[in-house]
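# Coordinate analysis (summary)
This is what each chain is made of:
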Amino acid sequence: MKYRQGFVEVIGQVHPGLVNIETWQVSAAANISGLELESERLVDADISANTELELTPAQARALAVALTAAAYAADGVS
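Below is a short write-up of the structure. (Residues numbered from 1 in each chain as written. Predicted model: local features only at pLDDT ≥ 70, side-chain atom pairs only at ≥ 80, totals over all residues. Heavy atoms only, no water.)

## With respect to the overall build of the protein chain
- Tallying secondary structure elements over the protein chain gives 1 helix and 4 strands in all.
- The C-alpha atoms of the protein chain give a radius of gyration of 15 Å, which is well past the 12 Å a tight globule of 78 residues would have.
- A burial count over the protein chain gives 21% of its 78 residues as buried.
- A separation threshold of at least 6 residues defines the contact pool for the protein chain, and within that pool the share at least 24 residues apart is 47%.
- In the structure as shown, the protein chain presents an accessible area of about 5,700 Å², 57% of it carried by carbon and sulfur atoms.
- Charged side chains of the protein chain number 4 positive and 10 negative; the gap between the two group centres comes to 8 Å. (Helix = DSSP H or I, 4+ residues; strand = E, 2+ residues; numbered from the N terminus. Rg over C-alpha atoms; globule rule 2.2 N^0.38 Å. Buried < 20%, exposed > 50% of the residue type's maximum accessible area, 1.4 Å probe, protein only. Contact = heavy atoms within 4.5 Å. Areas by Shrake-Rupley, 256 points an atom, 1.4 Å probe, with all protein chains shown as cover. Lys, Arg positive; Asp, Glu negative; His and termini not counted. Charge placed at Lys NZ, Arg CZ, Asp CG, Glu CD.)

## Notes on the environment of Ala30
- Structurally, Ala30 is set in the loop between strand S3 (19–26) and strand S4 (47–55).
- Overall, Ala30 belongs to the buried group, its relative accessible area being 19%.
- Between the C-alpha atom of Ala30 and that of Glu54, which follows or precedes it by 24 residues, the distance is 28 Å.

## A few points about the pairing of strand S2 (residues 6–12)
- Here strand S1 (residues 2–3) pairs with S2 via 2 bridges, running antiparallel. In the strand pairing of S2, Tyr3 is matched with Gly6.
- Where S1 folds back on S2, the antiparallel hairpin that results is connected by 2 residues.
- Note that S2 and S3 share 7 bridges and pair antiparallel. Residue Ile11 lies in a different strand from S3, and its bridge partner there is Asn20. (Pairing = 2+ DSSP bridges.)

## A look at the side chain of Asp46
- As for its position among the elements, Asp46 is in the loop between S3 and S4.
- You can call Asp46 buried: its relative accessible area is 17%.
- Among residues more than four places away in sequence, those in contact with Asp46 are Gln25, Val26, Ser27, Ala30 and Arg41.

Printed below as a string of structure tokens:
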């Protein structure tokens, strides 16, 4: 999934029993419009930072609940 500064990648089972969430921050000089993370036009030098979270299934579900609540609050829905 794209976000303003790059990509968010969610993968299950990279490590057994865990959910991986990784953010890839792309250099401001790189043009990512129309690109996906797997694009061959995106080279290592375009990535300025990344963060990986390894969550248990319970942690991933708790994060999903928190994100959903925050999304409803941002929409003004209680």
